[in-house]
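Survey of secondary and tertiary structure
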Amino acid sequence: MTGKLALFTSIVTLAAGSAMAQSSGSWTGFYGGAQIGYADIDTNVSGVDGDGAIGGIILGYDYDLGDWVVGGGFDYDWSDIDLGSAATVEKVWRIKARAGYKVNPQGLLYGTAGYADADTNNLGSDNGWFIGAGYEQIVAPNISVGGELLYHEFDDFNSSGVDVDATTLQLRVAYRF
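Attention in this report is confined to the structure presented alongside it.

So, how was this worked out
- Residues numbered from 1 in each chain as written.
- Predicted model: local features only at pLDDT ≥ 70, side-chain atom pairs only at ≥ 80, totals over all residues.
- Heavy atoms only, no water.
- Pairing = 2+ DSSP bridges.
- Helix = DSSP H or I, 4+ residues; strand = E, 2+ residues; numbered from the N terminus.
- Buried < 20%, exposed > 50% of the residue type's maximum accessible area, 1.4 Å probe, protein only.
- Axes fitted to C-alpha atoms, helices over the stretch in contact; angles between N-to-C directions.
- Patch = residues over 30% accessible without salt bridge, like charges linked within 9 Å, V, L, I, M, F, W, Y side chains within 5 Å.
- Areas by Shrake-Rupley, 256 points an atom, 1.4 Å probe, with all protein chains shown as cover.
- Salt bridge = Lys/Arg side-chain N within 4 Å of Asp/Glu carboxyl O.

Another point: the pairing of strand S3 (residues 68–82). Strand direction decides the pairing type here: strand S2 (residues 50–64) and S3, joined by 11 bridges, are antiparallel. Counted as the bridge partner of Ile54 is Ser79 from S3. Between S2 and S3, which pair antiparallel and follow one another directly, the connecting turn spans 3 residues, one of which, Gly66, has a positive phi of 105°. Pairing of S3 with strand S4 (residues 88–104) involves 13 bridges; the strand directions are antiparallel. Looking across to S4, one finds that Asp82 is bridged to Thr88. The turn joining S3 and S4, which pair antiparallel and follow one another in sequence, is formed by 5 residues; a positive phi near 65° is taken by Gly84.

Tracing the sequence through the fold places Ile138 in strand S6 (residues 125–140). Residue Ile138 is classed as buried on the basis of its relative accessible area of 2%. Remark: the alpha-carbon pair of Ile138 and Tyr175, spanning 37 residues in sequence, is separated by 9.7 Å.

Strand-to-strand pairing in sheets goes through backbone hydrogen bonds, with the strands running parallel or antiparallel. Around the barrel, which closes on itself, the 8 strands sit in the order S1-S2-S3-S4-S5-S6-S7-S8 with antiparallel pairing between neighbours. Between one strand axis and the next, the sheet turns through 25° on average, direction left out of account. Looking at chain direction, strand S1 (residues 29–43) and strand S8 (residues 164–176) are connected through 13 bridges and run antiparallel. Counterpart to Gly33 in the pairing with S8 is Ala174.

Attention shifts here to unusual backbone geometry. Positive phi, normally seen in glycine, also occurs at Asn142, with a value near 75°. Here Asn142 shows up in the loop between S6 and strand S7 (143–154).

A contiguous nonpolar surface patch, about 1,200 Å² in accessible area, is contributed by Phe30, Tyr61, Tyr63, Leu65, Trp68, Val70, Tyr101, Val103, Leu109, Tyr175 and Phe177. Sorting the residues of the nonpolar patch by element identifies S2, S3 and S4 as the ones contributing at least two each. Relative to the assigned elements, Leu109 resides in strand S5 (residues 107–120). On the basis of relative accessible area, Leu109 is assigned to the partly exposed category, the value being 48%.

Here's what the structure looks like:
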């Protein structure tokens, strides 16, 4: 399922990028927008896992270095993913760094990593880390769309002895200032 969604995301992003007006290709500046997608959450406890919709806001800043782009950002996602009878994941936020290569003036292939915090309805919250990759395309002046795949890990969630890992795949749209 995740592979098919990733392929679909890539095709839609590339098609949208070539079909719409292009900007100058400068990535320098602030951006803000939204994302929506799918999360798959697993634990080291049998029967305590779940999947479902996730989505929220994105904020960040990129700096264009020519062929390369570096930046930092903040994501805040809401969800309602039931992990059996154990808990429900309600929120995830991330502080991220990213670096990428411009495959064309308007297309950015990047890697990202950083800090994540997940919050549940009854087990509290805990911090962890994530790593991932994405593609973003400038499709119109000041507008970009893309897709991002992230792997998250939360060891010993809130000192419960439960290790949690999660994979998210999200579509993103941003307004670039």
